[in-house]
Amino acid sequence: MQRNPSMIRFGKTSELFSLIPPKKAIIVTSETLYRQALEMFSYSGLNAKEELRWIRVPDGEACKSFSVLETVCRNMIDFDANPDTVLVAIGGGSLSDLVGLTAHLWMRGIELVLVPTTLLAMIDASIGGKNAIDIGTTKNLIGSFHLPRLILCDVSWLETLPLKNLLSGMAEAIKHAAIDSEEHFRFLEGIANSEKPLTEIQAEVWEELVQRSQQVKIRYVDADPYDNYLRHALNYGHTFGHAIELITEIPHGFAVATGIGMANALAVSRGVLDPDIAARIDLLLHNLGLPANVEEASAIAGCNISPSTICDLIRADKKRRGESIDFALLHKIGDVRIEPIAIQYIAEFLET
Ligand SMILES: NC(=O)c1ccc[n+]([C@@H]2O[C@H](COP(=O)([O-])OP(=O)(O)OC[C@H]3O[C@@H](n4cnc5c(N)ncnc54)[C@H](O)[C@@H]3O)[C@@H](O)[C@H]2O)c1
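Counting from 1, residues in each chain are numbered in the order their sequence is written. This being a predicted model, a pLDDT of at least 70 is required before a residue's local features are given, and a value of 80 or more before pairs of side-chain atoms are given or counted; all residues contribute to the totals for chains, interfaces and linings. Hydrogen atoms and water are omitted, and side-chain values are computed over all heavy atoms in the structure.

1. Structural notes on the domain arrangement of the chain
Applied cut-off: Domains are outlined according to an automatic or database domain assignment. The criterion used for residue contact is that any of the two residues' heavy atoms lie within 4.5 Å. Buried area counts how much accessible surface, traced with a 1.4 Å probe, disappears from two parts once they are put together, with both parts' losses summed. Should a side-chain nitrogen of Lys or Arg be within 4 Å of a carboxyl oxygen of Asp or Glu, the pair is scored as a salt bridge. Side-chain atoms alone can form a polar contact between residues adjacent in sequence; in general such a contact is a pair of N or O atoms within 3.5 Å, and within protein one must be able to donate a hydrogen while the other accepts it. Labels follow the DSSP assignment, with helices taken as runs of H or I lasting at least four residues and strands as runs of E lasting at least two, numbered in each case from the N terminus. Think of it as three bins: nonpolar holds Ala, Val, Leu, Ile, Met, Phe, Trp, Tyr, Cys and Pro, charged holds Asp, Glu, Lys and Arg, and polar takes everything else, Gly as well.
One can read the domain layout of the chain as domain 1 (7-160) and domain 2 (168-351). Relative placement of domain 1 and domain 2: their C-alpha centres are 28 Å apart. In this assembly, 14 residues from domain 1 lie in contact with 22 residues from domain 2. Of the roughly 1,600 Å² buried at the junction of domain 1 and domain 2 (both faces included), carbon and sulfur atoms supply 72%. Linking domain 1 with domain 2 are two salt bridges, by the criterion used here. The residue Lys217 makes a salt bridge to Asp124 at a minimum N-O spacing of 2.7 Å. Taken together, the connections running from domain 1 to domain 2 amount to five residue pairs in polar contact (both at pLDDT 80 or more). Breaking the side of domain 1 that touches domain 2 down by element, the ones donating at least two residues are strand 1 (7-10) and helix 5 (119-125). A total of five residues in the side of domain 1 that touches domain 2 trace back to one element, the largest contributor, which is helix 5. For the side of domain 1 that touches domain 2, the residue count by class is eleven nonpolar, one polar and two charged.

2. Let's talk about helix 13 (residues 307-315)
Here is the rule: Each residue is placed in one exposure class: buried if its accessible area under a 1.4 Å probe, protein chains only, is under 20% of its type's maximum, exposed if it is over 50%, and partly exposed if it falls in between. To obtain the arc, one takes the directions from the helix axis to the C-beta atoms.
Ile310, Cys311 and Ile314 are the residues of helix 13 that are buried. Burial along helix 13 is one-sided: seen end-on, the buried residues are contained in an arc of 95°. Looking at the buried positions of helix 13, the neighbouring elements they touch are helix 9 (238-248), helix 10 (252-269), helix 12 (294-301), strand 9 (320-321), strand 10 (324-332) and helix 14 (343-351).

3. Concerning the site of the ligand
The criterion, for reference: Here a residue counts as near a molecule or strand whenever at least one of its heavy atoms sits within 4 Å of it.
Around the ligand sit 24 residues, and of these Asp59, Glu61, Ser94, Thr117 and Thr118 come closest. The contact in question runs from an oxygen atom of the ligand to an N or O atom on the side chain of Thr118, over 2.6 Å. Note that a nitrogen atom of the ligand is positioned 2.9 Å from one of the backbone N or O atoms of Lys130. Those elements that provide at least two residues to the shell around the ligand are helix 4 (93-105), helix 5 and strand 7 (138-145).

Given below as structure tokens:
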């Protein structure tokens, strides 16, 4: 894979066809976003419904399946797609995962353009070239690396994004800021302290937030394009987070926020993180309306989360090596390190 050749543009979705020829494009979007996309393209003077080739797929995670992949490919046959076709994904991370894999497989690889419509997709899923579909309840089992040629970020999509999804993206933004720098972290604290609801944040502020966050991910992706080791730092908050998500089925970002708080408590217990910094990160999560510990996640989920269930899931984590697991631990803001921690230590930590 080349070193991050994706071009990132901030602008309006209606500008897309000044960047790629409409005749080459096949656009994949979801049932819900289709109407919104048509309206946005109407500003470009294009009769988007008639002049463009559209494929509509189910919303959210439901599109990440073999059957939807096959449907998209069959639609592409009907549209006479060829090696010059540019596949465009307009949607969140689920849709870009599906379309990225399709672009990778179609005639052994065609150009991919992403128009991310969720905060999570803008700052995370669209960056780094990873894509995947699920098999049954096992997430992201079948996937590849396929970098987009262009990522067009139009933050006006965030105006219709439900608060729950905005918060999910914010958890990843906090993760990026915490592992990046004091200055980046203070930028997010400023947003939280302004007491403005997330739904009222101005476009320029979203653009700055997205840009800052993307740069952090790009830095790790460039250092480790195939996710072999350094990129594992991006798992900060995710080892506990994935376990919490599986147990409670709370939204991904809520689970990641809980995982960040728990990973910080673990780092404090090992004497590598100042408790005041852990408290400061908890405060930012709370100020935005996110949980930061098991009790708060349990209250949101309305169920009990037992330490032994978390530990069993961590034992099954792919980052486990024998009796220990590679854990991304924060030492201070802007300093995250991957360290092996004995599963036994984690079990005892969770019981305290
Ligand atoms: N490839 C990667 O590197 C990577 C990284 C992180 C996450 N992911 C994947 O991303 C997926 C989660 O993505 P997501 O959080 O973006 O959610 P999503 O794509 O599942 O979308 C969630 C819901 O929001 C709706 N939606 C999307 N944009 C909207 C908008 N602007 N207005 C109103 N509704 C909108 C969708 O239709 C859907 O119902 C997971 O499958 C995860 O595995 C991939």
